[in-house]
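Commentary on secondary and tertiary structure
Residues per chain, in single letters:
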Amino acid sequence: MNSKFPVWQDKLVKKYKFDAPVFITRPDLPVLSELDGYLAKIWSSGWVTNNGAYHGILENELAKYLKVKDISLFCNGTLALQIGINALGLKGEVITTPFTFAATPHVLYWNGIKPVFCDIEEDTYNIDVNKIEALITRETTAILPVHVFGVPCNVEKLASIGRKHGLKIVYDAAHSFGVRVRGVGIGNFGDAAMFSFHATKIFTTIEGGSLVCNERALKEKVDYLKNFGIKNEEEVVGPGTNAKMNEIQAAIGLIQLKKIDDEIKKRKALTGIYRRELTNVPGIIFSTDMDGVEHNYQYFVIRVVAKDYGAGRDALFDLLRKMNIIVRKYFYPLCSHYPCYSSLPSASPANLPVAERISGAVLSFPLYGRLPESTVKTICAIIKDICHENKKTG
Ligand code: T4K
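Quick summary incoming for the structure in this document. (Residues numbered from 1 in each chain as written. Predicted model: local features only at pLDDT ≥ 70, side-chain atom pairs only at ≥ 80, totals over all residues. Heavy atoms only, no water.)

**Re unusual backbone geometry**
Most peptide bonds take the trans form, and the phi angle of most residues other than glycine is negative. The step from Y330 to F331 runs through a cis peptide bond, and the omega angle for that step is 0 degrees. Inspection of the secondary structure assignment puts F331 in the loop between β16 (325-326) and α11 (353-359). The residue after Y332, namely P333, is reached through a cis peptide bond having omega -5 degrees. As for its placement among the helices and strands, P333 is situated in the loop between β16 and α11. Phi at F228 is positive, roughly 65 degrees, even though this residue is not glycine. Within the secondary structure, F228 sits in the loop between α7 (216-225) and β11 (230-232). Within the chain, Y297 stands out as a residue other than glycine whose phi angle is a positive 55 degrees. One can find Y297 in the loop between β14 (293-294) and β15 (300-304). With relative accessibility at 7%, the residue Y297 sits in the buried group. (Helix = DSSP H or I, 4+ residues; strand = E, 2+ residues; numbered from the N terminus. Buried < 20%, exposed > 50% of the residue type's maximum accessible area, 1.4 Å probe, protein only.)

Below, the structure is given as structure tokens:
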């Protein structure tokens, strides 16, 4: 425990400790009986994967919900992005953010592409559009921005940089299911966009993911590549892999889709409680809704400013963990710190001052539809009490 927290911490732990861990997320799984009808149909058809009936229905339903022309389904988001990048023929260098999950730079690595890390914006934590152009070289083929925590990137500026320099834009939209910018589904921006359907995401097929391609020819290609490159029984168009979504995943997706608006509504209400309760707590910073954006409330993330809160992020993390609140340091460490990337020139901390500072200060809090309001209120009371004790004890 950080020495900034003296003996009063034991009192707080005794007062507030939860009996069971409170996780940052929990999947809103369907009641088992809801699956029965779907499973019976899958069993009786004997068609369990490779473009089955539910797979087709889910593609159509998701395209409607996400307000995109069409969509391709995958066994996870990482392979969706990896295949999309492959299908676009990207090579050389791709500019991306270090403030993301490991999968983002890894999909570049698996395509033989060098990630070039760009610093992030102070307020959105997304790639800093004003720092991208300085990183463009003759080797640059694309930009891979992430809508971090579901907060949209500056899509207009990214599109104009892409046009000006002839670069593709591929979005890692893993966190952004259902987000709309001025009524436009977020998947419509860029050449392609990936949504993750992992168990930790607001819309889940347990493992799963999707790619929105903004050209029909690209969708056709990724659909072949996720199925070994097979076009038909006698034609293989390229060295594909196996990244298909199966029928059980698709059936779960169809059930989940019926509940998604309700899940977002509940998360919005809980986010409102966090925001109301934590306003005016010194040293606790969090984002608010953006004008013209329909948010999905995938995560609730705070930033701790140690000099104002009285202690830093790591001390708060340790104390909350003692209380069985399983907060997460998304995203720490930065991807640029991983041994596989740290020797890249762009990974130098001196090039990424904002990302370095923010990564050392962020903390993700429990947020999911069936999280009780009372738990959120208790967590906020704890954050305030800790601040109060910090001030008292100096
Ligand atoms: N790009 C970005 C920006 C991403 O954030 C991700 C994934 C991807 C790409 C790749 O998409 P996928 O290939 O995964 O579709 C988790 C997820 O595994 C990962 O999907 C996600 N991002 C990342 C942000 O979070 P971990 O290692 O933090 O997960 P884990 O196992 O610690 O789970 C977090 C919490 O979720 C647990 O404390 C409790 C809860 N949980 C988790 C699982 C697996 C459950 O309640 N039930 C579960 O089954 O990575």
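After that view, the rundown keeps rolling.
**Considerations on the layout of surface pockets**
If you add up the space inside the largest pocket, you get close to 420 Å³. If you go around the largest pocket, you meet 24 residues; those closest to its centre are V151, R275, F286, S287 and T288. Per-element tally for the lining of the largest pocket: the top contributor is β15, with three residues. Here the lining of the largest pocket is composed, by residue class, of eleven nonpolar, eight polar and five charged. When residues of the lining of the largest pocket are assigned to domains, at least three map to each of domain 1 (8-27 + 259-393) and domain 2 (32-255). (1 Å grid on protein atoms, 1.4 Å probe; cavity = no way out; pocket = protein on both sides within 12 Å on 5 of 7 lines; lining within 4 Å. Points joined across faces, edges and corners; volume = space filled by probe spheres on them. Nonpolar A, V, L, I, M, F, W, Y, C, P; charged D, E, K, R; others polar. Domains from an automatic or database assignment.)

**Comments concerning the environment of I206**
Following the sequence through the fold, I206 ends up in the loop between β9 (192-196) and β10 (209-213). On a C-alpha basis, the gap between I206 and Y109 in space is 25 Å, while along the polypeptide they are 97 residues apart. Not counting residues within four places of it along the chain, the set of residues in contact with I206 comprises F197, H198, A199 and I252. (Contact = heavy atoms within 4.5 Å.)

**Section: α7**
Where α7 is concerned, the buried positions are L218, K219, V222, Y224 and L225. Along its buried surface, α7 packs onto α3 (53-66), β2 (72-74), α4 (77-87), β9, β10 and β11.

**Details of the packing of α4 against α7**
Two elements in contact, α4 and α7, have axes separated by 9 Å at closest approach and are oriented at 120 degrees. Comparing their axes, α7 and α4 come out oblique. With respect to the hand of their crossing, α4 and α7 are arranged in right-handed fashion. Side by side, α4 and α7 meet where I83, G84, N86 and A87 of the first sit next to L218, K221, V222 and L225 of the second. Its residues placed into classes, the contact of α4 with α7 shows five nonpolar, two polar and one charged. (Axes fitted to C-alpha atoms, helices over the stretch in contact; angles between N-to-C directions. Parallel < 35°, antiparallel > 145°, perpendicular 65-115°, else oblique. Left-handed = near helix turned anticlockwise from the far one by under 90°.)

**A few points about the site of the ligand**
For the ligand, the set of nearby residues contains 25 residues, the closest of which are T78, D172, S196, R328 and Y330. Between T78 and the ligand, the recorded distance is 2.6 Å, taken from a side-chain N or O atom to an oxygen atom. The cavity where the ligand resides is the second largest pocket. Elements represented by at least two residues in the shell around the ligand include exactly α4, α5 (103-109) and β9. Of the residues assigned to the shell around the ligand, the class counts are ten nonpolar, eleven polar and four charged. (Near = heavy atom within 4 Å. Polar contact = N/O pair within 3.5 Å; in protein donor to acceptor, adjacent residues only side chain to side chain. Sits in = over half its atoms within 2 Å of the grid points.)

Read these as spatial facts, not as claims about activity.
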